[in-house]
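Here is how the chains run, residue by residue.
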Amino acid sequence: MSHRIRLALAATLLVTFYAAVALTILIWVTLVVLMFDVAGSAYATTLPVTGFLFCAGTAVPVYALGDAARRSLFLVDTPSTPSMEVGRDRAAALHALVDDLAERLGVSEPVRIRLHTTVGAEAVDEDTRFLGLSAGNHVLSVGLPLLAALPHRQIRAVMAHELAHLSLRHHRVRAFTLRLETSLTVARESLISFGTANGLVGMYVGLPQAMIGLYIRLFRRLVQPVRRRQELEADHTAARLCGAPTLAEALANRAVVEPLWIEFQRIYLDAAPDGVLPVDPFRAFACTMADPGVQDRLPALRAQRVEAPAAQNEFGPSHPHLAYRLRRLTKGQEPAAAIACRPDAALLPDLLPGQVAGLLARYVGATTLPWQDWIDRWTDARNAVLVEPLCAAVRTLVGPEHQSVALHQVLHLLEAGQRMPLARALAGQVPEAHREPDDPLALLSAALLALVKSRLTERPGPRSPLPQLVRDAVCQPGQVSRLSLHLAGCGVDETAPAQDTPETGQHPSEEPEQAGYTTAKVSGVIPEAGRRVISSVRAVTLTVLIVVVAVGGLRWAARDKPAVVPPTRVTPTYSPVYPISPPLPSEPYAPLPSASAYPFNPEDRYRLPSPVLRPSDVYLGATP
């Protein structure tokens with residue numbers, strides 16, 4: 001099927017969706033009016049309660065379909081994540097790069113830049129009219145983690161790929177296909193949430209969901225191949241401008257940045273000590289990406305992400321497989337194993353604290369510190385929980401009778417060559433997330449450093465030799481004396497108890513709260529968003545039900561009742577078995593026989609009397 005035929009069918013699919021929604025609303029309104037007419041009919045004996053319940057139960061699904069159509073008509077390209085538009089005063093280098101690429105690609109309209117906190121970039125055409133047939137505002141949406149993690153030339157290649165979509169007029173196609181995608185997504189999510197929130201509504205969402213599922217399957221077959229083709233066309237255009245190897249490096253490294261940014265948020269931002277955060281998390285992420293330990297992980301992580309299946313949703317994958325795109329750019333050759341990913345953070349904008357708080361909700365009202373000061377504080381807070389497991393590990397080696405563990409016992413074990421048994425015992429006391437699989441002595445060094453810092457009266461400075469002395473004492477037993485001399489010069493009492501021992505005497509691993517770790521507990525309470533949906537659906541359903549019952553009841557009470565006509569008595573006509581001439585009015589019936597001759601039967605009054613013989617009927621020749 002050709003490109004133009006697919007787009008024509010997709011446009012037809014969008015129009016038919018709007019027509020189906022309009023027809024559904026019209027049918028529902030007609031049904032409500034019909035129920036009112038039935039309730040006000042002169043022959044209605046009871047209220048049509050079943051019809052009223054049907055109207056109340058289908059009101060919410062009809063609203064969900066209408067809201068989906070409305071949002072796709074007027075709210076296209078509304079960002080789902082917090083974002084902000086940045087001016088030239090805060091991001092001069094980024095604006096200069098975008099202007100240069102737009103001029104080279106022939107994009108005459110100005111391009112606005114919007115920043116967000118997800119990994120990715122996208123060029124869209126906002127505020128379009130007439131279902132996307134008219135032009136709108138060109139907006140380049142860029143993720144700040146991407147600007148922090150990639151070097152300048154790779155960011156330029158990514159921007160060239162996104163602006164190539166504008167140069168090739170791909171945004172015109174996206175304008176109306178996104179409307180259909182928004183309609184289907186919003187309708188499906190609303191129907192699922194509303195049907196789950198209320199049992200009456202859940203009885204009537206099956207048919208709308210089946211209709212939405214049919215549209216999604218048609219959308220997947222028609223639109224997604226067009227989108228994948230457009231991605232390949234944008235790759236070809238950007239490769240001519242920035243070079244195919246550079247674009248291949250940028251695409252491979254962009255796939256790596258996403259899991260690293262999620263890991264950075266989980267480790268550093270979500271677990272911030274005492275709610276204190278780094279003043280600029282994106283430059284802090286750039287410092288993390290430049291760390292040699294992270295750089296050593298990149299090749300394996302990049303190979304894993306390149307061979308992973310293409311990201312897809314219920315509509316199917318909108319981008320070709322990354323390995324296929326890389327092979328097209330490198331002309332069938334495998335990309336170099338060592339792809340440079342040294343971030344320089346030259347294109348990161350200078351954001352104010354309020355702007356960072358607008359992008360990351362956890363920064364609202366939080367205390368911030370410079371990155372170096374904050375990372376030292378975070379390291380101390382993270383390693384402080386290792387003191388009690390270290391004491392428990394020492395007790396497993398020296399015996400449970402030594403309840404109070406002091407610093408000199410740890411140093412004595414290290415000097416006696418017991419560092420590996422002590423490291424294994426410590427690894428068994430802490431969660432797996434705190435262990436270092438490649439270096440078993442790294443955890444022991446961190447725990448010993450935390451124990452030493454807890455004995456100091458003031459925090460060591462950034463140029464203090466203490467971390468290196470601790471590391472040497474753990475790795476080389478002969479260096480323990482140097483550490484002891486340094487601690488003696490700092491006034492540390494090595495015989496003082498390291499930490500109060502729990503009175504229960506249980507193993508620290510049996511009570512994670514006493515060892516400094518907390519257990520996450522899942523609450524059975526419905527979240528606030530779920531409670532709002534349930535209350536809203538219940539309110540809408542009850543409101544519609546009360547309104548239709550009230551109006552229908554008034555119509556039923558004021559109906560015109562039919563007039564009561566008394567029944568008329570109908571005289572039956574009898575046809576005798578044999579023909580007789582009816583008696584004349586002047587000739588009465590013969591009297592009934594006497595009671596003495598015939599017993600009285602009450603049913604005789606309803607029987608026909610016997611015929612009366614006239615003189616003319618007597619046989620003349622008969623003898624008496």
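Coordinates for the structure precede this section.
Just so we're clear, the structure is a prediction, and the values are computed from it rather than from any experiment.

About the cut-offs
- Residues numbered from 1 in each chain as written.
- Predicted model: local features only at pLDDT ≥ 70, side-chain atom pairs only at ≥ 80, totals over all residues.
- Heavy atoms only, no water.
- Axes fitted to C-alpha atoms, helices over the stretch in contact; angles between N-to-C directions.
- Helix = DSSP H or I, 4+ residues; strand = E, 2+ residues; numbered from the N terminus.
- Parallel < 35°, antiparallel > 145°, perpendicular 65-115°, else oblique.
- Left-handed = near helix turned anticlockwise from the far one by under 90°.
- Contact = heavy atoms within 4.5 Å.
- Nonpolar A, V, L, I, M, F, W, Y, C, P; charged D, E, K, R; others polar.
- Buried < 20%, exposed > 50% of the residue type's maximum accessible area, 1.4 Å probe, protein only.
- Pairing = 2+ DSSP bridges.
- Expected span 1.5 Å × (residues − 1).
- Arc of directions from axis to C-beta.
- Salt bridge = Lys/Arg side-chain N within 4 Å of Asp/Glu carboxyl O.

## Re the packing of helix α6 (residues 170-197) against helix α8 (residues 206-222)
Closest axis-to-axis distance for the α6/α8 pair is 10 Å, and the angle between their directions is 150 degrees. By the angle class used here, α6 and α8 are roughly antiparallel. When you trace α6 past α8, the crossing you get is left-handed. On α8, the residues touching T177, L180, E181, L184, A187, R188, L191 and I192 of α6 are P208, Q209, I212, Y215, I216 and F219. Considered class by class, the residues forming the contact of α6 with α8 number ten nonpolar, two polar and two charged.

## Some words on the packing of helix α10 (residues 244-269) against helix α12 (residues 292-307)
Close contact between α10 and α12 brings their axes to 9 Å; oriented N to C, the two are set at 115 degrees. Considering their axes alone, α10 and α12 lie roughly perpendicular with respect to each other. For the crossing formed where α10 meets α12, the hand is right-handed. Residues A252, N253, A255, V256, E258, P259, L260 and E263 of α10 pack against V294, R297, L298, L301, R302, R305 and V306 of α12. Partitioning the contact of α10 with α12 into residue classes produces nine nonpolar, one polar and five charged.

## Section: the pairing of strand β4 (residues 137-143)
With six of seven residues buried, β4 lies mostly within the body of the structure. Where strand β2 (residues 111-116) and β4 come together, six bridges link them in parallel fashion. Among the inter-strand pairings, L115 is bridged to a residue of β4, identified as V142.

## Looking at helix α3 (residues 92-105)
In a regular helix each residue adds 1.5 Å, so 14 residues correspond to 20 Å; α3 covers 20 Å between its end C-alpha atoms and thus fits that length. Those residues of α3 that fall on the buried side of the exposure criterion are L94, H95, L97, V98, L101, A102 and L105. Within α3, the buried residues cover an arc of 160 degrees as seen down the axis, which keeps them to one side. Within α3, the exposed residues directed more than 90 degrees away from the buried face are E103 and R104. Contacts made by the buried residues of α3 are with β2, β4, α4 (144-149), α5 (152-167) and α9 (224-242). G106 sits one or two positions beyond α3 and adopts a positive phi of about 80 degrees.

## Focus: the pattern of salt bridges
Evaluated as defined, the whole model comprises 17 salt bridges. In this structure, R555 engages D37 in a salt bridge whose closest nitrogen and oxygen atoms are separated by 3.5 Å. Taken together, the positions of R555 in helix α22 (residues 528-557) and D37 in helix α1 (residues 3-39) put the pair 518 residues apart, joining distant regions of the chain. Judged by its relative accessible area of 38%, R555 is partly exposed. The partner of E388 in a salt bridge is R395, and the shortest N-O contact between them spans 3.3 Å. With a relative accessible area of 4%, E388 lands in the buried category. Overall, the relative accessible area of 13% leaves R395 in the buried class. Several salt bridges converge on common partners, so that one network encompasses D100, R104 and R156.

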